[in-house]
Amino acid sequence: MNNHATKRLTILSVLTAISFALTIFPKVAILPAASFLKIDFSIVPAFLALTWYGIGSATLLLIVRTLLKVIIFNEGVNTYIGMPMNFLVAWAFLLAYVIVLALPVIKEQRPVVKQSLALLVAIVFMTLIAIVANIVWGIPLYSSMAHFDIAKFIGIPQYLWGMVLPFNLIEGLVWAVASLAVVKALSPFKKAFQP
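First, a word on scope: everything that follows refers to the structure included in this document. (Residues numbered from 1 in each chain as written. Predicted model: local features only at pLDDT ≥ 70, side-chain atom pairs only at ≥ 80, totals over all residues. Heavy atoms only, no water.)

### Description of the side chain of Thr 23
Here is step 1 of the chain: Along the chain, Thr 23 falls in the loop between helix 1 (3-22) and strand 1 (27-29).
Here is step 2 of the chain: Apart from the residues lying within four places of it in its own chain, the contact partners of Thr 23 are Asp 40, Ser 42, Arg 65, Lys 69 and Met 83. (Helix = DSSP H or I, 4+ residues; strand = E, 2+ residues; numbered from the N terminus. Contact = heavy atoms within 4.5 Å.)

### Looking at helix 3 (residues 55-72)
Here is step 1 of the chain: With 18 residues, helix 3 extends 25 Å from end C-alpha to end C-alpha; this agrees with the ideal 26 Å at 1.5 Å per step.
Here is step 2 of the chain: Within the sequence span of helix 3, burial applies to Ser 57, Ala 58, Thr 59, Leu 61, Leu 62, Arg 65, Thr 66 and Lys 69.
Here is step 3 of the chain: Looking at the buried residues of helix 3, the elements they touch are helix 1, strand 1, helix 2 (43-53) and helix 4 (77-102). (Expected span 1.5 Å × (residues − 1). Buried < 20%, exposed > 50% of the residue type's maximum accessible area, 1.4 Å probe, protein only.)

### Side note on the packing of helix 2 against helix 4
Here is step 1 of the chain: Closest axis-to-axis distance for the helix 2/helix 4 pair is 11 Å, and the angle between their directions is 30 degrees. Overall, the two elements helix 2 and helix 4 adopt an arrangement that is roughly parallel. The two elements helix 2 and helix 4 cross, and the hand of that crossing is right-handed. Of the residues in helix 4, those in contact with Ile 43, Ala 46, Phe 47 and Leu 50 of helix 2 are Ala 90, Phe 93, Leu 94, Tyr 97 and Val 98.
Here is step 2 of the chain: By residue class, the composition of the contact of helix 2 with helix 4 is nine nonpolar, no polar and no charged. (Axes fitted to C-alpha atoms, helices over the stretch in contact; angles between N-to-C directions. Parallel < 35°, antiparallel > 145°, perpendicular 65-115°, else oblique. Left-handed = near helix turned anticlockwise from the far one by under 90°. Nonpolar A, V, L, I, M, F, W, Y, C, P; charged D, E, K, R; others polar.)

Printed below as a string of structure tokens:
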């Protein structure tokens, strides 16, 4: 393994450890009616990995931090159901960002416009994925594994449109602002960590 590969692997390992720690603390509830939906900031190191090393490295980081959370800090049913959805939503955010930035019509725009459009699409896409993931995975599994019938206790439309939709839009905005702030703050060091 050459020096550049070793440096990259070391940085990715550190970012993965930070991302894993951020799945535990801090977690912020932003909707009083849905205090069980909490923002974590584990996307920020993944976004940094994305901007420095690409989508493959960011995806690997998300996979490893998800497995670490499931294996080391498992909270039972909530972890088994929530972490795959968390991974999917975070990955959708990163993937949409990368795809939009690669579009020829977007490449011609000024950097601020490019980033704003890419992040806006990423927020909308992750929110749609969160809604679909809840319909296909979350709601049925919480009902069968946790014996919590969302349809009965909250109502599926109220849950999806009154909780999941606004939560993910706000979470996406928080992720975007936090990620951009960290990437900008660490931009002077980017060259030192590049192959």
